[in-house]
Amino acid sequence: MTWVFDGHLDLAMNALDYERDQTLPVSLLREREAGGVKDGRGLCSCSLDSLRRGQVRVCVATVLARAKPWIDAGRAIKRGGDWPSRDMAHAIVAGQLAYYELLDRRGSITLLRDRGALESHLERWSCTVDKADHAKHHDPLPPVGVILTMEGADAITAPGELDWWHARGVRTLMLSHFGKSHYAHGTPSTDPANTHDVDGPLTEDGRALLDRMMSLGMPLDMSHLSDRSFAEAADHFGGVLYASHSSCRSLVAANEHVHPMRMLSDEQVRVIVARGGVVGVPMFNAFLMAGYEESTEPDTVTLAHVADHIDHLCQLAGSASHVAIGSDMDGGFGAEHTPREVDTAADLRLLAGVLSARGYSDDAIDSILHGNWCRFYADQLPAGVG
């Protein structure tokens, strides 16, 4: 049976920022928001129910809050995901972590902190779903397994604090998100009046944080880094590199409100592949089709565009061993801006049919939909017995 390992989802952000109870079906969340919402979150497309129904057995889920280093905390107010100080970002992210821990205690998800837990979780799904007697007994589907990542590192108030977050279960991180963080320059702004969120280097704290990551054996997610910070991080960091949710710059250089550096250049992809990494392709239309704008005719983008990026990544890597899904469903955009066939996260596995029609073998499709992330995290998670 085709199943999915999704390399990037913002489950806690949706719960705590958007008040979307992740234990409810998407249909109920849409009913709740039928009267409209004040922000640009879009039409809800993801919850734990949709993940389980779509055979998304494992996902990497984020904790996320930014704090711009140039902001005067005594005068600033919260804007979007930007908090006035790192202390506030720390507290917000700790709350998101507490949400995952609560879901784990209740059995709504299974937190996967080590490779033993990952192996046990996958075996539980296999025994429930893939065995011949499943249809006879109608066993309930197991919970989704969740590996925790930090999207942007501003919640880490000093490099040495990473040990505390790692002890709580955070297993990977990105140095920055949109714009400059306290550790690196992230995706530059498309607003010419914004003179802070531009391409630039790592900070001293950024290099110190990379050193702590290496000591803990953590892989580095290169998504969202500006080009200069990407190059400096790759040069300084001696561990494994990957990109959880990034598309190909050679196919989509820029779109409305999307800076080219949000996508990976061919050379950056080669760097990640050479370091044993995987690139997860997102389901955001603006990252998939050149010329896409908010006013673009609905249903213009399809899973064929996702397959185009997968094709290109496979060509660069020389195989299908370094390509995966990092859907980013409900990551600040809704179902209006996902490929035509993808209404909810339950539809992600429809990609298998598109790839099959292009001549991908069953083994290659399994690798892209789940096998490559399984291999990656089996190698990168700490050893454990589950």
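Structural data are supplied above this passage.
Attention in this report is confined to the structure presented alongside it.

## Focus on the pattern of salt bridges
Evaluated as defined, the whole model comprises 17 salt bridges. Between Arg168 and Glu101 there is a salt bridge whose closest N-O contact spans 3.2 Å. One end of the pair, Arg168, is in the loop between helix H7 (162–167) and strand S5 (170–173); the other, Glu101, is in helix H4 (residues 86–105), and 67 residues separate them in sequence. Notably, a salt bridge pairs Asp311 with Arg358, separated by 2.5 Å at the nearest N-O pair. In this pair, Asp311 is assigned in helix H11 (residues 303–317) and Arg358 in the loop between helix H12 (351–357) and helix H13 (362–380), connecting sequence segments 47 residues apart. Within this structure, Arg20, Glu33, Arg41 and Asp330 form a network of salt bridges that share partners.

## Concerning the pairing of strand S1 (residues 4–9)
For S1, a buried count of six out of six residues is recorded, marking the element as mostly surrounded by other parts of the structure. The pairing of S1 with strand S2 (residues 56–63) spans four bridges and is parallel. Opposite Asp6, over in S2, you have Cys59 as the bridge partner.

## A short note on the nonpolar core
The biggest cluster of nonpolar side chains holds 93 residues, and the ones touching the most others in it are Tyr100, Leu173, Leu175, Leu220 and Ile310. The next biggest cluster of nonpolar side chains, apart from the first, holds 17 residues, and it includes Val58, Leu118, Leu122 and Ile147.

## Topic: unusual backbone geometry
Even without a glycine there, the phi angle at Glu19 is positive, about 60 degrees. Locating Glu19 in the fold gives a position in the loop between helix H1 (11–16) and helix H2 (26–32). With phi around 80 degrees, His224 is a residue other than glycine that occupies positive phi space. Checked against the element boundaries, His224 lands in the loop between strand S6 (220–221) and helix H9 (227–236). Residue His224 is classed as buried on the basis of its relative accessible area, which comes to 3%.

## A look at the side chain of Ser226
Within the secondary structure, Ser226 is located in the loop between S6 and H9. Its relative accessible area of 0% is what places Ser226 among the buried residues. Among all residues touching Ser226, those that are not within four sequence positions of it are His185, Gly186, Thr187, Pro188, Asp199, Gly200 and Met261.

## Considering the packing of aromatic side chains
All told, the structure shown has twelve aromatic pairs when counted by the stated rule. A network of ring pairs unites the aromatic residues Phe5, Tyr242, Trp373, Phe376 and Tyr377 as a single cluster.

## Some remarks on the environment of Ile109
Topologically, Ile109 is positioned in strand S3 (residues 109–111). For Ile109, the contacting residues outside a window of four places in its chain are Leu48, Tyr100, Leu103, Asp104, Pro143, Val144 and Val146.

## Structural notes on helix H5 (residues 115–130)
Compared with the 22 Å implied by 1.5 Å per residue over 16 residues, the 21 Å span of H5 between its first and last C-alpha is a close match. For H5, the set of buried residues is Gly116, Ala117, Leu118, His121, Leu122, Trp125, Ser126, Thr128 and Val129. You can read the cap of H5 off the contacts: a side-chain oxygen lies 3.1 Å from the backbone nitrogen of Gly116, and it is on Asp114.

## Points about H4
The terminal C-alpha atoms of H4, which comprises 20 residues, lie 28 Å apart, in line with the 28 Å expected from a rise of 1.5 Å per residue. Considered for burial, the residues of H4 that qualify are Arg86, Ala89, His90, Val93, Ala94, Gln96, Leu97, Tyr99, Tyr100, Glu101 and Leu103. Count one or two residues on from H4 and you reach Gly107, which has phi positive near 85 degrees.

## Thoughts on the packing of helix H10 (residues 266–274) against H11
Relative orientation of the contacting elements H10 and H11 amounts to 60 degrees, with a least axis distance of 9 Å. Here H10 lies oblique to H11, going by the angle between them. In this structure, the crossing between H10 and H11 has a hand that is right-handed. Contacts from Asp266, Val269, Arg270 and Val273 in H10 reach His312, Leu313, Leu316 and Ala317 in H11. Per-class residue counts for the contact of H10 with H11 are five nonpolar, one polar and two charged.

Scoring rules and cut-offs
Residues numbered from 1 in each chain as written. Predicted model: local features only at pLDDT ≥ 70, side-chain atom pairs only at ≥ 80, totals over all residues. Heavy atoms only, no water. Salt bridge = Lys/Arg side-chain N within 4 Å of Asp/Glu carboxyl O. Helix = DSSP H or I, 4+ residues; strand = E, 2+ residues; numbered from the N terminus. Buried < 20%, exposed > 50% of the residue type's maximum accessible area, 1.4 Å probe, protein only. Pairing = 2+ DSSP bridges. Core = buried A, V, L, I, M, F, W, Y, C linked by side-chain atoms within 4.5 Å. Contact = heavy atoms within 4.5 Å. Phe/Tyr/Trp six-rings, centres within 6.5 Å; stacked < 30°, edge-to-face > 60°. Expected span 1.5 Å × (residues − 1). Polar contact = N/O pair within 3.5 Å; in protein donor to acceptor, adjacent residues only side chain to side chain. Axes fitted to C-alpha atoms, helices over the stretch in contact; angles between N-to-C directions. Parallel < 35°, antiparallel > 145°, perpendicular 65-115°, else oblique. Left-handed = near helix turned anticlockwise from the far one by under 90°. Nonpolar A, V, L, I, M, F, W, Y, C, P; charged D, E, K, R; others polar.

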